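# Chain and residue survey
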Amino acid sequence: MIVRTRWRTVAAHLALWLTATGAVAYFSQQAYVGAHGLVASREFEAEIAQLSAKLGDLKSTRASYEHRIELLSSDRLDPDLLDEQARVDLGWLNANDRVIQSR
């Protein structure tokens, strides 16, 4: 009986160590390549840089639109811009305009 108890003790210790080693290995692997690991954080940083560049482009486009809207306000009406916008919206041409068609 003593021999079986010794084997059970050794087997229990071995199972405990193997389980602990497996858990440490699993969590280490997840910390490196998991959804929130080191590899994913590098991808997130690259995506953040790309989206920041896109945000800068959108801000400049918005500033351009705001400037054009400001030029069309009733306080500072720009006649050239008003004429250009009316021609685009209505599809009209001036008698002095030249139309070039390319095929």
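Residues numbered from 1 in each chain as written. Predicted model: local features only at pLDDT ≥ 70, side-chain atom pairs only at ≥ 80, totals over all residues. Heavy atoms only, no water.

## Observations regarding the overall build of the chain
Looking only at helices and strands, the chain features 3 helices and 0 strands. By the compact-globule yardstick of 13 Å for 103 residues, the chain is too spread out, its C-alpha radius of gyration being 35 Å. With the principal axes as the frame, the chain shows a C-alpha extent of 115 × 45 × 20 Å. Across the 103 residues in the chain, those meeting the buried criterion constitute 5%. For the chain, the computed accessible surface area is about 9,900 Å², with 61% contributed by carbon and sulfur atoms. Taking the average place of the 12 positive charges on the side chains of the chain and the average place of its 13 negative ones, the gap between the two points comes to 22 Å. (Helix = DSSP H or I, 4+ residues; strand = E, 2+ residues; numbered from the N terminus. Rg over C-alpha atoms; globule rule 2.2 N^0.38 Å. Buried < 20%, exposed > 50% of the residue type's maximum accessible area, 1.4 Å probe, protein only. Areas by Shrake-Rupley, 256 points an atom, 1.4 Å probe, with all protein chains shown as cover. Lys, Arg positive; Asp, Glu negative; His and termini not counted. Charge placed at Lys NZ, Arg CZ, Asp CG, Glu CD.)

## Comments concerning the packing of aromatic side chains
Per the counting criterion, the structure on display carries 1 aromatic pair. Taken together, a centroid distance of 5.3 Å and an interplanar angle of 70 degrees make the contact between Tyr-26 and Phe-27 edge-to-face. For Tyr-26, a relative accessible area of 48% corresponds to the partly exposed category. By relative accessible area, which is 58% here, Phe-27 ends up exposed. (Phe/Tyr/Trp six-rings, centres within 6.5 Å; stacked < 30°, edge-to-face > 60°.)

## A short note on the pattern of salt bridges
Under the criterion given, the structure shown has 1 salt bridge. Among the salt bridges present, the one from Glu-66 reaches Arg-62, with a minimum N-O distance of 2.9 Å. Here Glu-66 and its partner Arg-62 are both found in helix H2 (residues 38-71), 4 residues apart, which amounts to about one turn of the helix. For Arg-62, a relative accessible area of 57% gives the class exposed. (Salt bridge = Lys/Arg side-chain N within 4 Å of Asp/Glu carboxyl O.)

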